[in-house]
Amino acid sequence: MSEVEQYSLFDQSAFNQSKPVQFQAEQIPTDAKIPIPSGTYDSMESLAVHCNSCQRCELGAKRINAVVGRGNLNAPIMVIGEAPGQNEDETGKPFVGKAGQLLEKIIAAVKLDSDQDIYICNMVKCRPPGNRTPTTQEVEACKPYLLEQIRLVDPKIILFTGATALKGLTGEKRGITKIRGEWREWEGRLCMAIFHPAYLLRNPSRQQGSPKWLMWQDIQKVRAKLDELCS
Ligand code: URA
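Because the structure is a prediction, the values reported are computed rather than measured.

## A few points about the packing of aromatic side chains
Two measures describe an aromatic ring pair: the distance that separates the ring centres and the angle between the ring planes.
Right, on to step 1. Evaluated as defined, the whole model comprises 2 aromatic pairs.
Right, on to step 2. Each ring, one from tyrosine 41 and one from tyrosine 145, has its centre 6.4 Å from the other, and the planes form 40 degrees; the classification is tilted. Note that tyrosine 41 is positioned in the loop between α1 (3–8) and α2 (44–51) and tyrosine 145 in helix α5 (residues 136–153), a separation of 104 residues in sequence. Here tyrosine 41 and tyrosine 145 have matching classes, each one buried.
Right, on to step 3. Residues phenylalanine 195 and tyrosine 199 carry aromatic rings whose centres are separated by 5.0 Å and whose planes lie at 35 degrees to one another, so their mutual orientation is tilted.
Right, on to step 4. By relative accessible area, which is 4% here, phenylalanine 195 ends up buried.
Right, on to step 5. In this structure tyrosine 199 comes out as partly exposed when scored by relative accessible area, which is 29%.

## Some points on the packing of α2 against α5
Right, on to step 1. Packing of α2 against α5 leaves a shortest axis separation of 10 Å and a crossing angle of 170 degrees. Considering the angle they form, α2 stands roughly antiparallel to α5. Handedness of the crossing formed by α2 with α5: left-handed. Residues Met44, Leu47, His50 and Cys51 of α2 lie in contact with α5, whose contacting residues are Tyr145, Glu148, Gln149, Leu152 and Val153.
Right, on to step 2. Residues of the contact of α2 with α5, tallied by class, amount to 6 nonpolar, 2 polar and 1 charged.

## So, the site of the ligand
Right, on to step 1. Near the ligand, the surroundings consist of Gly81, Glu82, Ala83, Glu88, Pro94, Phe95, Asn122 and His196.
Right, on to step 2. Within the backbone of glutamate 82, a nitrogen or oxygen atom sits 2.8 Å from an oxygen atom of the ligand.
Right, on to step 3. Within the contact set of the ligand, a nitrogen atom lies 3.1 Å away from a backbone nitrogen or oxygen of alanine 83.
Right, on to step 4. Alone, the ligand offers 240 Å² of accessible surface; in the complex the protein occludes 89% of this.
Right, on to step 5. Each residue belonging to the shell around the ligand can be placed in one class, and the counts come to 3 nonpolar, 3 polar and 2 charged.

## Section: the packing of α5 against helix α6 (residues 163–170)
Right, on to step 1. At their nearest, the axes of α5 and α6 sit 10 Å apart, and the two run at 85 degrees to each other. Our classification of the angle between α5 and α6 gives roughly perpendicular. Only Thr164, Gly168 and Leu169 of α6 make contact with α5, whose side of the interface consists of Val139, Lys143, Leu146, Leu147 and Ile150.
Right, on to step 2. Here the residues of the contact of α5 with α6 sort into 5 nonpolar, 2 polar and 1 charged.

## Let's talk about the sheet that holds strand β2 (residues 77–81)
Right, on to step 1. Taken together, 6 strands build an open sheet; the order of strands is β1-β3-β2-β4-β6-β5 and the sheet is mixed. Here the strands that pair on one side only, and so sit at the sheet edges, are β1 (69–71) and β5 (183–186). When the angles between neighbouring strand axes are averaged without regard to direction, this sheet yields 25 degrees.
Right, on to step 2. As defined by bridge partners, β2 adjoins strand β3 (residues 118–122) across 5 bridges and the pair is classed as parallel.

## Comments concerning α6
Right, on to step 1. Every buried residue of α6 is listed here: Thr164, Ala165, Leu166, Gly168 and Leu169.
Right, on to step 2. If you follow the buried residues of α6, they end up packed against β2, α5, β4 (157–161), α7 (176–179), β5 and β6 (189–194).
Right, on to step 3. Remark: glycine 171 follows α6 within two positions and exhibits a positive phi of approximately 80 degrees.

## What to know about the pattern of salt bridges
Right, on to step 1. Following the criterion strictly, the structure yields 11 salt bridges and no others.
Right, on to step 2. In this structure, the salt-bridge partner of glutamate 58 is arginine 132, at a minimum N-O distance of 3.9 Å. Here arginine 132 lies in the loop between β3 and α5 and glutamate 58 lies in the loop between α2 and β1, a separation of 74 residues in the sequence.
Right, on to step 3. Note on glutamate 58: relative accessible area 56%, which makes it exposed.
Right, on to step 4. Arginine 132 gets classed as partly exposed once you look at its relative accessible area, which sits at 28%.
Right, on to step 5. Linking arginine 184 and glutamate 172 is a salt bridge whose minimum nitrogen-to-oxygen distance equals 3.1 Å. With arginine 184 in strand β5 and glutamate 172 in the loop between α6 and α7, this pair connects stretches of sequence that are 12 residues apart. Glutamate 172 shares its class with arginine 184; the two are buried.

Criteria and cut-off values
- Residues numbered from 1 in each chain as written.
- Predicted model: local features only at pLDDT ≥ 70, side-chain atom pairs only at ≥ 80, totals over all residues.
- Heavy atoms only, no water.
- Phe/Tyr/Trp six-rings, centres within 6.5 Å; stacked < 30°, edge-to-face > 60°.
- Helix = DSSP H or I, 4+ residues; strand = E, 2+ residues; numbered from the N terminus.
- Buried < 20%, exposed > 50% of the residue type's maximum accessible area, 1.4 Å probe, protein only.
- Axes fitted to C-alpha atoms, helices over the stretch in contact; angles between N-to-C directions.
- Parallel < 35°, antiparallel > 145°, perpendicular 65-115°, else oblique.
- Left-handed = near helix turned anticlockwise from the far one by under 90°.
- Contact = heavy atoms within 4.5 Å.
- Nonpolar A, V, L, I, M, F, W, Y, C, P; charged D, E, K, R; others polar.
- Near = heavy atom within 4 Å.
- Polar contact = N/O pair within 3.5 Å; in protein donor to acceptor, adjacent residues only side chain to side chain.
- Areas by Shrake-Rupley, 256 points an atom, 1.4 Å probe, with all protein chains shown as cover.
- Pairing = 2+ DSSP bridges.
- Salt bridge = Lys/Arg side-chain N within 4 Å of Asp/Glu carboxyl O.

Here you go:
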């Protein structure tokens with residue numbers, strides 16, 4: 001399909017309808033220059049089908065699985081990480097390696113249920129080679145999927161774990177150390193940046209003021225805010 005034909009699929013009049021527009025996955029543009037408008041996907045399943053055939057950036061060529069997300073599709077809390085690693089690429093599920101196990105412990109420590117209360121996903125859906133940080137181009141190519149995931153899940157709270165998701169979505173340039181633990185609003189949604197669990201694995205101290213100690217403060221704030229919003 002030519003680029004012009006692909007663009008015409010997204011004739012804006014199609015999006016003035018209230019119901020999502022149905023497209024065959026193979027008709028949806030794979031070129032990163034072509035936008036994926038809000039409302040394209042009517043379910044996470046159809047989004048996942050497209051992610052698994054996506055070639056909007058070069059990461060698509062090497063993936064085993066696109067890693068879309070896991071957890072409750074109606075969860076009140078959405079956790080957004082950076083990108084899949086090897087375990088995630090192999091299983092198609094985010095945060096299933098060591099960092100994921102620590103994330104599970106952190107969630108469980110404040111009696112949140114990762115199957116009920118949380119939906120976990122990443123800024124970028126395919127594994128960057130050698131687990132390098134995704135490039136700006138890769139983040140931009142993948143961003144429409146994440147925006148659609150946020151629309152579909154419609155979480156009350158978004159947690160950015162690590163700088164990639166925070167910067168990629170909000171454009172925030174300050175580092176996580178500066179702004180973690182602060183409530184902020186993005187696109188009308190309540191958000192907080194928290195340390196990435198992989199960073200906590202590299203910094204195991206639990207002393208007051210250490211990254212792990214700070215994470216404990218932050219996750220308790222999240223629990224308290226959820227209780228407040230649900231009361
Ligand atoms: N780190 C991430 O940011 N995401 C994963 O899915 C796994 C490790």
